[in-house]
Amino acid sequence: MPDSRPRQPDDHAADAAGSPLTLCGARLADGRVVDVRLCGGRIEAVGTAGSLSSPGARLDLRGHLLLPAPAEPHAHSDTALTAGGTGPASQHPDAIQRRATEAALLQLGHGATALRSHVRIGGIQGLAALEAVLQARRSLRGLVDLAPVAVPRLLTGVAGAGDLAMLRDAVKMGAGAVGGCPDLDPDPTGYAEAVLEVAAEHGCPVDLHTDGDDPVRLARLAAMAGGMRQKVTLGPCAGLARLPGGAAARAAAQLATAGVGVTCLPQGGCCGTEGRGTAPVRLLREAGVRVAAGSGALRDPANPVGRGDPLEAAFLLASQSGLRPEDAYAAVSADARRVMGLPEVRVEAGFPAELLAVRGEGLAGALSLAYSRIVVHRGRVVARTSAVREYCDSEADGGPGLPRQGRPESTGGP
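Keep in mind that this is a model prediction, so the values were computed, not measured.

**Q** Explanation requested: the overall build of the chain in the structure shown.
**A** A count of helical and extended segments in the chain gives 12 helices and 17 strands. Evaluated residue by residue, the chain yields a buried proportion of 53% over its 414 residues. Sequence-distant contacts in the chain: of pairs separated by 6 or more residues, those separated by 24 or more amount to 73%. When the accessible surface of the chain is totalled, it reaches about 17,300 Å², and 52% of it is carbon and sulfur.

Now the structure itself:
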């Protein structure tokens, strides 16, 4: 079984992000083999293998592909890991905090060093779930960045007045963005207007759930978002793929003109409210929409087998949506960071030291068989997943000698 847990490298890499760490002999996506020196949470230098001095710890990455770390733009920490129980999952804040922490560590082990998580507010629970996720964020500081999105159920009419006040309180508590699902409100347009108003008041980004199957509603959303200074993202928008071609193309053009991003969920939907399938990624990209890919549900009732693995999301974009491996990986890394408002990451001097090393020689192989992974956050190794594949003897007599263990370079094992 793969072993994934927060840990330091075997050569005692420094505990503090300010201490130097040199990654040695890593292969980049362009084929170069390099050393990378990290210090102060950033990439200090990149040079040919063996060319950099190493005042601090060293980590041998020969046989690994070094990439900008993925980011998770669409998680659900408060409902994660609730599938398969014999009854309703506990909504006690301590239980939510434990689930949110475990889910974040699982996704960190997959490579995501920054997470945006949609958290429900309102009802009898009030802000308890948000406070639990914020507490999980505090406990994870230095391992992974967790940014909650406040998700009220209703915002219009008498029934929505309480949740609207609570949405403003959620931002003051520390929610990193405001969101929700306009499709579930009796007045979807009024709901979206309320969210955008709160975002404008507090200067925070907007991340809304919508299936995207109503072109009129999408056009209204695009028109409202076009005047916003804050980033506006919609997802998962699987319903766009079910619209007639012309209507989908017009909707994509409207979103692009308004600067609205889309987060698709190749591994499945979330919350049980959206239709199955994936947004028309190629159509959106061709229209100029920035498209990120997230994981959505992580083993909750909406997707009991959700894995929360950004490399699986990229694999599905490449295998099912026809994206090049480079574009598929960008959807879970550079484009995901962009819709989340995070700084750009490149394996170049001066950029944040948010990195993922996977066993393999090329990106296509990494998306196919990325079992072994080393995750770097703020300049230090924070998680390592190791996998070993072994074979028993063949029953054939006198046959060619067979390997007892898969080749690391081709199988993804260490």
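There's plenty left to go through after this.
**Q** Could you clarify how one ought to interpret the packing of helix 3 (residues 157-173) against helix 4 (residues 188-202) in this entry?
**A** Angle between the axes and distance between the axes: these two values describe a pair of packed helices. Remark: helix 3 packs on helix 4, axes separated minimally by 11 Å, with the N-to-C direction vectors making an angle of 30°. As for the relative orientation of helix 3 and helix 4, their crossing is right-handed in sense. Listed contacts from helix 4 to Leu-164, Leu-167, Arg-168, Val-171 and Lys-172 of helix 3 are Ala-194, Val-195, Glu-197, Val-198, Glu-201 and His-202. Residues belonging to the contact of helix 3 with helix 4 are distributed by class as follows: 6 nonpolar, 1 polar and 4 charged.

**Q** How should I be thinking about helix 4 in this particular structure?
**A** Because an α-helix completes one turn every 3.6 residues, residues spaced three or four positions apart along the sequence face the same direction. Between its first and last C-alpha atoms helix 4 spans 22 Å; for 15 residues at 1.5 Å apiece the expected length is 21 Å, and the two agree. Inspection of helix 4 places Pro-188, Gly-190, Tyr-191, Ala-192, Ala-194, Val-195, Leu-196, Val-198 and Ala-199 among the buried residues, and these make up the whole buried set. Contact partners of the buried residues in helix 4: strand 9 (145-152), helix 3, strand 10 (177-180), strand 11 (206-210), helix 5 (215-225) and strand 12 (232-236). Gly-203 lies just past helix 4 and shows a positive phi near 65°.

**Q** Explanation requested: the sheet that holds strand 8 (residues 114-121) in the structure shown.
**A** With parallel pairing, the 8 strands of this open sheet are ordered in space as 7-8-9-10-11-12-13-14. Edge positions in the sheet fall to strand 7 (72-75) and strand 14 (291-293), since each of these pairs with one other strand and no more. The mean inter-strand angle of the sheet, taken between neighbouring strand axes irrespective of direction, is 25°. Sheet analysis places strand 12 next to strand 13 (residues 261-264), joined by 2 bridges and oriented parallel. Looking across to strand 13, one finds that Thr-233 is bridged to Gly-261. Sitting on the sheet, helix 2 (residues 128-139) touches strand 8 and strand 9, and the angle it makes with strand 9 is about 175°. Across the sheet, helix 4 lies against strand 9, strand 10, strand 11 and strand 12, angled at about 175° from strand 10, the strand it touches most.

**Q** What is the right way to look at the pattern of salt bridges in this model?
**A** Pairing between side chains of opposite charge can happen when their charged atoms approach one another. Under the definition given, this model contains 21 salt bridges. Note that Asp-78 and Arg-120 form a salt bridge whose closest N and O atoms lie 3.3 Å from each other. One end of the pair, Asp-78, is in the loop between strand 7 and helix 1 (93-110); the other, Arg-120, is in strand 8, and 42 residues separate them in sequence. The salt bridge involving Arg-168 is made with Glu-197; its shortest N-O contact spans 3.5 Å. With a gap of 29 residues between them, Arg-168 in helix 3 and Glu-197 in helix 4 connect regions that are remote in the sequence.

**Q** Whenever I open this one, empty space enclosed by the protein confuses me. Can you help?
**A** To find leftover empty space, a probe the size of one water molecule is rolled over the atoms. Following the criterion strictly, the structure yields 2 cavities of 30 Å³ or more and no others. Looking at the largest cavity, the residues that line it are Pro-182, Asp-183, Pro-188, Thr-189, Ala-192, Arg-217, Arg-220, Leu-221 and Met-224. Of all the elements in the fold, those that place two or more residues in the lining of the largest cavity are helix 4 and helix 5. Ranked by residue count, the leading element in the lining of the largest cavity is helix 5, at 4 residues.

**Q** Quick question: what am I supposed to make of unusual backbone geometry here?
**A** Most peptide bonds adopt trans geometry, and most residues besides glycine take a negative phi value. Geometrically, the link from Gly-235 to Pro-236 is a cis peptide bond, its omega value of 0° lying close to zero. Note that Pro-236 resides in strand 12. Residue Cys-237 is not a glycine yet carries a positive backbone phi of 60°. You can see Cys-237 is positioned in the loop between strand 12 and helix 6 (245-258). Judged by relative accessible area, which is 0%, Cys-237 ranks as buried.

**Q** Can you help me understand the nonpolar core in this one?
**A** As a rule of thumb, nonpolar side chains are buried together in soluble globular proteins. Grouped together as the largest cluster of nonpolar side chains are 82 residues, with contacts concentrated most on Val-178, Val-206, Leu-255 and Leu-284. Per-element accounting of this core gives the leading share, 7 residues, to helix 4. Setting aside residues no more than four positions away along its own chain, Val-206 makes contact with Val-178, Val-195, Leu-196, Ala-199, Met-228, Lys-231, Val-232 and Thr-233. Counting 19 residues, the second-largest nonpolar core is a separate cluster that includes Val-36, Leu-38, Leu-66 and Ala-353.

**Q** Would you explain the confidence of the model for the chain in this entry?
**A** Atom-level detail of predicted coordinates should not be read off regions where pLDDT is low. A residue-level look at the chain finds 90% of positions with pLDDT of 70 or above and a mean pLDDT of 90. Here residues 4-15 is modelled with pLDDT under 50, and outside its nearest four sequence neighbours on either side it reaches 33 contacts, counting other chains as well. Note on residues 408-414: pLDDT is under 50 here. Beyond four places in sequence and across chains, it has 23 contacts.

**Q** Would you mind going over the pairing of strand 3 (residues 33-39) with me for this structure?
**A** For a regular strand, the rule is simple: side chains alternate between the two faces of the sheet. Among the 7 residues of strand 3, 5 are classified as buried, and the element is accordingly described as predominantly covered. Of the pairings in the sheet, the one linking strand 2 (residues 21-27) to strand 3 comprises 5 bridges and is antiparallel in character. Residue pairing across strands places Leu-23 opposite Val-36, the latter belonging to strand 3. In sequence, strand 2 turns back onto strand 3 through a hairpin of 5 residues, with Gly-31 there showing a positive phi of about 100°. Note: strand 3 against strand 4 (residues 42-48), 6 bridges, orientation antiparallel. Pairing of Val-36 across the sheet is with Val-46, part of strand 4. Remark: 2 residues form the turn of the hairpin made by strand 3 and strand 4, two consecutive strands paired antiparallel; Gly-40 in that turn has positive phi of roughly 65°.

The rules behind the values
- Residues numbered from 1 in each chain as written.
- Predicted model: local features only at pLDDT ≥ 70, side-chain atom pairs only at ≥ 80, totals over all residues.
- Heavy atoms only, no water.
- Helix = DSSP H or I, 4+ residues; strand = E, 2+ residues; numbered from the N terminus.
- Buried < 20%, exposed > 50% of the residue type's maximum accessible area, 1.4 Å probe, protein only.
- Contact = heavy atoms within 4.5 Å.
- Areas by Shrake-Rupley, 256 points an atom, 1.4 Å probe, with all protein chains shown as cover.
- Axes fitted to C-alpha atoms, helices over the stretch in contact; angles between N-to-C directions.
- Left-handed = near helix turned anticlockwise from the far one by under 90°.
- Nonpolar A, V, L, I, M, F, W, Y, C, P; charged D, E, K, R; others polar.
- Expected span 1.5 Å × (residues − 1).
- Pairing = 2+ DSSP bridges.
- Salt bridge = Lys/Arg side-chain N within 4 Å of Asp/Glu carboxyl O.
- 1 Å grid on protein atoms, 1.4 Å probe; cavity = no way out; pocket = protein on both sides within 12 Å on 5 of 7 lines; lining within 4 Å.
- Points joined across faces, edges and corners; volume = space filled by probe spheres on them.
- Core = buried A, V, L, I, M, F, W, Y, C linked by side-chain atoms within 4.5 Å.
- pLDDT = per-residue confidence, 0-100.

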